[in-house]
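# Secondary and tertiary structure notes
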Amino acid sequence: MNKPVIGLTASHDLLTDDLKMGHFYIDAIRKNGAIPLVLPLTLDEEEAGQLADTLDGFLFSGGPDVHPFLFGEETLAGCGDFSPLRDSSELLLLSQVYERKKPVLGICRGAQLINIALGGDIYQDIFSQLSGRIPIAHRQPFNATHPAHRVAVEAGSRLAQISESLSLEVNSLHHQAIRNVAPCLTVCGRASDGIIEAVEQPGHPFLLGVQWHPEQLAGKYSHADRLFSAFIKACRKA
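Just so you know, these numbers come straight off a predicted model, no measurement behind them.

### Side note on empty space enclosed by the protein
Enumeration over the complete set of coordinates arrives at 2 cavities of 30 Å³ or more. Lining the largest cavity, in full, are Thr 9, Ala 10, Leu 39, Pro 40, Leu 41, Leu 43, Ser 89, Glu 90 and Leu 93. Across the lining of the largest cavity, the residue classes break down as 6 nonpolar, 2 polar and 1 charged. Roughly 30 Å³ of internal volume is contained in the second largest cavity. Around the second largest cavity, the lining residues are Ala 111, Ile 178, Ile 196, Glu 197, Ala 198, Val 199, Gly 209, Val 210 and Gln 211. At the level of secondary structure, the elements contributing two or more residues to the lining of the second largest cavity comprise strand 12 (196-200) and strand 13 (207-210). In terms of residues, the lining of the second largest cavity owes the most to one element, strand 12, which gives 4 residues. Partitioning the lining of the second largest cavity into residue classes produces 6 nonpolar, 2 polar and 1 charged.

### Some points on the side chain of His 149
Looking at where His 149 falls in the secondary structure, it is placed in strand 8 (residues 149-153). Residue His 149 is classed as buried on the basis of its relative accessible area of 8%. Within the structure, the side chain of His 149 is placed 3.5 Å from the side chain of Ser 172, a separation counted as a polar contact. When near neighbours in sequence (up to four residues on either side) are disregarded, His 149 contacts Ile 136, His 138, Leu 168, Glu 169, Val 170, Asn 171, Ser 172, Ala 191 and Glu 197.

### Observations regarding the environment of Ser 61
One can find Ser 61 in the loop between strand 5 (57-60) and helix 3 (84-99). For Ser 61, a relative accessible area of 0% translates into the label buried. Counting along the chain gives 50 residues from Ser 61 to Ser 11, while the straight-line C-alpha distance between them is 7.7 Å. The residues contacting Ser 61, other than those within four sequence positions of it, are Thr 9, Ala 10, Tyr 25, Arg 86, Ile 107, Arg 109 and Gly 110.

### Points about the state of the cysteines
Considering all chains together, one arrives at 0 disulfides under this definition. Cys 235 takes part in no disulfide bond, and the closest cysteine sulfur to it belongs to Cys 188, at a distance of 17 Å.

### Digging into helix 2 (residues 45-54)
Restricting attention to buried positions, one finds in helix 2 the residues Ala 48, Gly 49, Leu 51 and Ala 52. With its buried residues spanning 160° around the axis, helix 2 presents them on a single face. Away from its buried face by more than 90 degrees, helix 2 exposes Glu 46, Gln 50, Asp 53 and Thr 54. Residues of helix 2 that are buried make contact with strand 5 and helix 3. By the N-cap criterion, in which a side-chain oxygen at the helix start approaches the backbone nitrogen of a residue two or three places on, helix 2 is capped by Asp 44, the distance to Glu 46 being 3.2 Å.

### Brief notes about the packing of aromatic side chains
All chains considered together, the criterion is met by 1 aromatic pair. With a centroid separation of 5.5 Å and an interplanar angle of 45°, the aromatic rings of Phe 206 and Phe 231 are classed as tilted. With a gap of 25 residues between them, Phe 206 in the loop between strand 12 and strand 13 and Phe 231 in helix 7 (residues 222-237) connect regions that are remote in the sequence. The exposure class of Phe 206 is buried, given its relative accessible area of 3%.

### What to know about the nonpolar core
Within the largest apolar cluster, 33 residues are counted, with the highest numbers of intra-cluster contacts made by Ile 29, Leu 59, Trp 212 and Phe 231. Residue assignment for this core shows that the elements contributing at least two residues are strand 1 (5-8), helix 1 (23-31), strand 6 (104-107), strand 8, helix 6 (158-163), strand 9 (167-170), strand 13 and helix 7. Not counting chain neighbours up to four residues away, the residues in contact with Ile 29 comprise Ile 6, Leu 8, Ala 34, Ile 35, Pro 36, Leu 59, Phe 228, Phe 231 and Ile 232.

### A closer look at the environment of Gln 140
Of note, Gln 140 is situated in the loop between helix 5 (126-129) and strand 8. Gln 140 sits in the buried class, given a relative accessible area of 8%. Separated by 33 residues in sequence, Gln 140 and Leu 173 have C-alpha atoms that sit 6.2 Å apart. Apart from the residues within four sequence positions on either side, Gln 140 is in contact with His 146, Pro 147, Ala 148, Asn 171, Ser 172 and Leu 173.

Rules used throughout
Within any chain, residue numbers begin from 1 and follow the written order of that chain's sequence. Thresholds applied to this predicted model are a pLDDT of at least 70 for local features of residues and 80 or more for the giving and counting of side-chain atom pairs; totals over whole chains, interfaces and linings are not thresholded and use all residues. Working from all heavy atoms in the structure, the side-chain values ignore hydrogens and water. Of the two site types, the cavity is a set of points on a 1 Å grid over the protein atoms alone where a 1.4 Å probe fits but cannot get out, and the pocket is an open set with protein on both sides within 12 Å along at least five of seven lines, each lined by residues with an atom within 4 Å of a point. Grid points are joined across faces, edges and corners, and a volume is the space filled by probe spheres set on the points. Residues are grouped as follows: Ala, Val, Leu, Ile, Met, Phe, Trp, Tyr, Cys and Pro are nonpolar; Asp, Glu, Lys and Arg are charged; all remaining types, including Gly, are polar. Helix and strand assignments follow DSSP, with helices taken as H or I runs no shorter than four residues and strands as E runs no shorter than two, numbered in order from the N terminus. Partly exposed residues are those whose accessible area sits between 20% and 50% of the maximum for their type, while under 20% is buried and over 50% is exposed, using a 1.4 Å probe and protein chains only. Two N or O atoms form a polar contact when they lie within 3.5 Å of each other; inside protein one atom must be a possible hydrogen donor and the other a possible acceptor, and for residues adjacent in sequence the pair counts only when both atoms belong to side chains. Here, residues are in contact when the closest pair of their heavy atoms is within 4.5 Å. Cysteine sulfur atoms that come within 2.5 Å of each other are treated as a disulfide pair. By construction, the arc corresponds to the directions joining the helix axis to the C-beta atoms. Side-chain rings of Phe, Tyr and Trp (the six-membered ring for Trp) are treated as a pair once their centres are within 6.5 Å; stacked means planes under 30 degrees apart, edge-to-face means over 60, and tilted covers the remaining angles. What we call a nonpolar core is a set of buried Ala, Val, Leu, Ile, Met, Phe, Trp, Tyr and Cys residues that are connected through their side-chain atoms within 4.5 Å.

This is the structure:
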């Protein structure tokens, strides 16, 4: 039986303008039975549609901030740099993929992008916008192969079924986070300080976004491997 092919959105080095891809994403996809295919930084509508038709699933990876204009705001002081190429191509690709109900996994920026594309918004900088309310190190001071805090998972959610647990030990490498959730999504995980850590769409073949980086926990934490395994299982059915 052929392995499913998963499209991965690439990193964009804003200094050199190069396309990059971290090996953790590739390793997690391959070790769980699929073939990763790193996508270009630029896509037109026809190309995005062809990819959406051809590939079995899509992983929207982490990366720089999403430009605030895309969710109706002006730039605040705590906002970071953005990639115009990633913003435009990934939103275009996601619209095509969503229309075809292909399986989607969003990680960190990817989760935020999914929420924005479907009608939600994000905090540009949780540390300034929620000053005094963020006791947790959402930008952890040590290597991301180790967890930094726990996420409480919503009972009965797809994430709970996949993880087989209502409390996950996760890593944390972000300063932006989902604020107002898109109408079609539900929150399925939160940190103890209330920050939204996971969203999903009930009834979709597979649409799940997590704020942490499971690709860097895979092989050491069973919930990370279960997440990739469930995603790839959905891609086999696509």
